[in-house]
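# Structural overview
Below are the chains, spelled out letter by letter.
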Amino acid sequence: MNTATLYGLMTAGLIGIGLFGLIMHCTALRKLLSFNLVAAGVLLLFGVAAQRGAGAGFPGDPVPQAMVITGIVVAFAASALAVALLLRLLDVEREDDAP
Amino acid sequence: MSGDAGFLLVLALMLPATGIVAMFAAPMRAPERLAFLLYPPTLAAVVAIAVIVGRSEAALSYTLGGWSPPLGLMLRADGAGAALMVMSAVIIGLVGLSALGAFRTPEGTSEARQPFAFWALLLALWSALNLVFLAQDLFTLFVALELLTFAAVPMVCLNGKADTLQAALRYLLFALVGSAFYLMGVALIYGAYGALDFAILRVVMREDAATALAVALMIGGLMAKTAVFPVHLWLPPAHAGAPPPASAVLSALVIKAPFFLIVRLWFDLAPYHGAPAANLLAALGAVSILSCSLLALRQVRLKLMIAYSTVAQVGYLFLMFPLATSDMPWETLGWSGGLLQIVSHAFAKAAMFVAAGLIAEALGHDRIDDLAGAARAAPVSVFAFALAGLSLMGLPPSGGFNAKVMLISGAVATEQWWIAVVILAGGILAAGYVFRVIGKAMADAGEGVAITPVPRSREAIPLALALCALVIGFVPLQPFAYLAIGRSTGVMP
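Right, let's walk through the structure included here. (Residues numbered from 1 in each chain as written. Chains lettered and ligands numbered in written order. Predicted model: local features only at pLDDT ≥ 70, side-chain atom pairs only at ≥ 80, totals over all residues. Heavy atoms only, no water.)

## What about the overall build of chain A?
Each helix and strand counted, chain A has three helices and zero strands in total. Counting helices and strands in the order they occur from the N terminus, chain A gives α-α-α. In terms of C-alpha radius of gyration, chain A reaches 18 Å, well past the compact-globule figure of 13 Å for 99 residues. For chain A, the spread of C-alpha atoms along the principal axes amounts to about 70 × 25 × 10 Å. Counting across all 99 residues of chain A, residues that qualify as buried make up 35%. Surface summary for chain A: the accessible area is close to 5800 Å², and the carbon and sulfur share equals 70%. (Helix = DSSP H or I, 4+ residues; strand = E, 2+ residues; numbered from the N terminus. Rg over C-alpha atoms; globule rule 2.2 N^0.38 Å. Buried < 20%, exposed > 50% of the residue type's maximum accessible area, 1.4 Å probe, protein only. Areas by Shrake-Rupley, 256 points an atom, 1.4 Å probe, with all protein chains shown as cover.)

## Looking at the environment of L317 of chain B
Here L317 of chain B is to be found in helix α13 (residues 302-318). Sequence separation between L317 of chain B and G285 of chain B is 32 residues, and the spatial gap between their C-alpha atoms is 7.3 Å.

## Quick notes on the packing of helix α8 (residues 209-226) of chain B against helix α11 (residues 256-269) of chain B
Residue and element names in this part refer to chain B. Axis separation between α8 and α11 bottoms out at 8 Å; the angle between their running directions is 160°. It follows that α8 is roughly antiparallel to α11 by the angle criterion. You can see that α8 and α11 cross each other, and the crossing is left-handed. Of the residues in α11, those in contact with M218, I219, L222, M223, K225 and T226 of α8 are P258, F259, L261, I262, L265 and W266. Of the residues assigned to the contact of α8 with α11, the class counts are 10 nonpolar, one polar and one charged. (Axes fitted to C-alpha atoms, helices over the stretch in contact; angles between N-to-C directions. Parallel < 35°, antiparallel > 145°, perpendicular 65-115°, else oblique. Left-handed = near helix turned anticlockwise from the far one by under 90°. Contact = heavy atoms within 4.5 Å. Nonpolar A, V, L, I, M, F, W, Y, C, P; charged D, E, K, R; others polar.)

## Digging into a nonpolar patch on the surface
Residue and element names in this part refer to chain A. Together, M1, L6, Y7, L9 and M10 make up an exposed nonpolar region whose accessible area comes to about 540 Å². Topologically, M1 is positioned in the segment before α1 (3-24). With a relative accessible area of 75%, M1 lands in the exposed category. (Patch = residues over 30% accessible without salt bridge, like charges linked within 9 Å, V, L, I, M, F, W, Y side chains within 5 Å. Salt bridge = Lys/Arg side-chain N within 4 Å of Asp/Glu carboxyl O.)

## Thoughts on the pattern of salt bridges
If the charged atoms of two oppositely charged side chains come close together, the side chains can form a pair. Residue and element names in this part refer to chain B. On inspection of all chains with the given rule, the structure shows 12 salt bridges over all chains. R301 is paired through a salt bridge with D366; the nearest N and O atoms lie 3.2 Å apart. Linking R301 in the loop between α12 (275-297) and α13 with D366 in the loop between α15 (333-363) and α16 (374-377), this pair joins segments that are 65 residues apart in sequence. When its relative accessible area of 11% is taken as the criterion, D366 is described as buried.

## Here's the deal with the packing of aromatic side chains
Residue and element names in this part refer to chain B. Taken as a whole and assessed by the stated rule, the structure comprises 16 aromatic pairs over all chains. On the basis of an interplanar angle of 40° and a centroid distance of 5.6 Å, the ring pair of F139 and F142 is categorised as tilted. In this pair, F139 and F142 both sit in helix α5 (residues 138-156), three residues apart, roughly one turn of the helix. Both residues of the pair, F139 and F142, count as buried. What links up through ring pairs into an aromatic cluster is the set F259, W266, F267, F318, F321 and W335. The ring of F198 is capped by R264, whose NZ or CZ atom sits 4.5 Å from the centre of that ring. (Phe/Tyr/Trp six-rings, centres within 6.5 Å; stacked < 30°, edge-to-face > 60°. Lys NZ or Arg CZ within 6 Å of the ring centre and 35° of its normal.)

## A look at the interface of chain B and chain A
Taken together, the contacts link 30 residues of chain B with 31 residues of chain A. Between chain B and chain A, the buried area comes to about 2500 Å², and carbon and sulfur atoms account for 90% of it. By the criterion of area lost to chain A, the three top residues of chain B are L169, L173 and Y190 of chain B, representing 23% of everything that side buries. Applying the counting rule to chain B against chain A returns zero salt bridges. Counting across the chain B and chain A interface gives one residue pair in polar contact (both at pLDDT 80 or more). (Buried area = accessible area lost by both parts, 1.4 Å probe. Polar contact = N/O pair within 3.5 Å; in protein donor to acceptor, adjacent residues only side chain to side chain.)

## Notes on the nonpolar core
Residues I91, L138, I189, F321 and L465 of chain B are the most contacted members of the largest nonpolar core, which totals 223 residues. Apart from the residues within four sequence positions on either side, I189 of chain B is in contact with L138, G194, A195, L196, L201, M205, A214, M218 and L269 of chain B. (Core = buried A, V, L, I, M, F, W, Y, C linked by side-chain atoms within 4.5 Å.)

## Re unusual backbone geometry
Residues and elements named next belong to chain B. In this chain, F229 is followed by P230 through a cis amide linkage whose omega measures 0°. Among the structural elements, P230 can be located in the loop between α8 and α9 (235-241). Of note, the bond from P396 into P397 is cis; its omega dihedral lies within 30 degrees of zero at -15°. Along the chain, P397 turns up in the loop between α17 (379-393) and α18 (399-413). Its identity is not glycine, yet E57 carries a phi of approximately 55°, on the positive side. Structurally, the position occupied by E57 is in the loop between α2 (31-56) and β1 (60-63). Backbone geometry at E415 places phi at a positive 60°, although glycine is not the residue there. Within the secondary structure, E415 sits in the loop between α18 and α19 (417-442).

Take a look at the structure:
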């Protein structure tokens, strides 16, 4: 089994665990963490594509690596937005509960 | 055609984006002034693009930095994209005017939280929409979809209450999972072909399992963002909880952009799709129409009813896939009918949400059963609501009528009777929920109903939106040549 296949299987594992978490967990924070696992798996898939598509003598195709970096930034921004909404929701619920 | 005229594409994208940066960077008297300052030039750019595309009968394109694909990025406005950009510009302008009532920065302060957030997010949404309509490679489209999601989600929870925050969080999670599936498809396509640009992929796409899986993943992810059954659960609370101008923009424009991408993926990238896949999409659309129209009939609150109606009308869009199967799909009635449904539903739904907002302001609540007296308090709004309802029901003269007649004609011509039956049934159900509201609104108010009159100038806006939906009804009932511009060739100019 070469490294590309190994990473491909890891991708499948990450996405599978993430999807399981998304479906089974109820709270928003757990769903967000599961989304991060799915995103990690998907970006690893880009890495697999980078390694398989490498030109002669190069360790990896640089275009998917650029896409991975963009994807990481986008997923980070999305997680930040979700956490901000969650924190605000908890604050508002605490205010509503307080007399 | 490229070069100087192509720079208009960049202007359409960057003018709203510079507005947001300026709002944060430069202290302004009021952010809405900046938004209204940037609206005319962006509208002019968008209209100029549409006129150039129409006159030259070819798509307008621009390569960023002069580097051509696959390494560079290309922006391209074809007929359908240019028409949708004009629609977005008009709706955002009118909804922005209507938002001046609720989101004007108070006197004495230079900025306040809610108005600042609203105007910044509106400009961000416009920039992201234009990028979705113009981008030509799959990864730029991913970035555009994320921009659109990040601009739309905070609009849902502008009032800061717990229920809208929960709705916004649910919307964000659905949208993010959709993006993850889309990105998975993009990774598979890159792994298979080594390129992501539409023009290149159109040439090298093969019919094999990897491609089919990738396109299925991408369309599945985009379906979650378009809110079709069964992944529509996020939409009703989100659109109903948002303030009326935000709901108008969300229902009219934000869910249409991922659908436009599904259309592009289906017809440009994977035109060899078979009947089972098309019928599956149409079946999901049909279930959307019937189930959500029935749910709309049972709603207690007006805005929730309109939100369920949005999901139902979006189902009509998915009926176009089995009706546009041919070698030249842009010449079928199904294509024109589906795109016309996008435009007419956008205007009608925006009119409905703005009118519902004004009615709720006049009466102080939006319970449908207690709407008696609304026709006296906000007559023009109720009239605009009724006109918009014509488009949802599919009654002439309205854009909705033309769209549905074209879809029915396409269904009958290709002998797919069940689609025609579903469209007609959806029209009857739409009539049910629209007339229910109109009937209650026309009733005389009893004693003790507190009415705040709404200024007529503000009521003119939903009327203008509803009249746009009506005017679209005067187009001829045949495939439009304009929507076919830029379709047949896909080769890089």
